[in-house]
Amino acid sequence: MSPPPTGLSFTSGQVRRELERLNQRKAAGPDDISPRVLKSCSRQLCGILQHLFNQSLQCSQCFGRHPAWSRCRRRPILWHRVTTGQ
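We now turn to the structure provided with this report. Please read these numbers as outputs of a predicted model, since none were measured by experiment.

1. Regarding the packing of helix H1 (residues 12–20) against helix H3 (residues 42–58)
- Taken N-terminus to C-terminus, the directions of H1 and H3 make an angle of 125°; their axes are 8 Å apart at the nearest point. Looking at the two axes, H1 sits oblique to H3. Relative to H3, the crossing made by H1 is right-handed. Touching Ser12, Val15, Arg16, Leu19 and Glu20 of H1 are Ser42, Arg43, Leu45, Cys46, Gly47, Leu49, Gln50 and Phe53, all from H3.
- Classifying every residue of the contact of H1 with H3 by side-chain character gives six nonpolar, four polar and three charged.

2. A short note on the environment of Val37
- Relative to the helices and strands, Val37 is located in helix H2 (residues 35–40).
- Through-space distance from the C-alpha of Val37 to that of Gln24 is 8.3 Å; in sequence the pair is 13 residues apart.

So, how was this worked out
- Residues numbered from 1 in each chain as written.
- Predicted model: local features only at pLDDT ≥ 70, side-chain atom pairs only at ≥ 80, totals over all residues.
- Heavy atoms only, no water.
- Axes fitted to C-alpha atoms, helices over the stretch in contact; angles between N-to-C directions.
- Helix = DSSP H or I, 4+ residues; strand = E, 2+ residues; numbered from the N terminus.
- Parallel < 35°, antiparallel > 145°, perpendicular 65-115°, else oblique.
- Left-handed = near helix turned anticlockwise from the far one by under 90°.
- Contact = heavy atoms within 4.5 Å.
- Nonpolar A, V, L, I, M, F, W, Y, C, P; charged D, E, K, R; others polar.

In structure tokens, the structure reads:
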């Protein structure tokens, strides 16, 4: 694979390091993948995620703007005010 036109690319070590830094107590994102799962599988996921990120850079496309991602499942986050008996 040729390097991205921007000269920017990710290594699998960089991706793994970021996966290992995830806070396991945070909620899952819109993809419903728990940070705990991403963190515990970082060794297995870092290579494929590195490839995806570098492909995205090479194609000059952001995953958030890709047509396939616009069809992903979305859930509203419902916020409610907790009332105290005061």
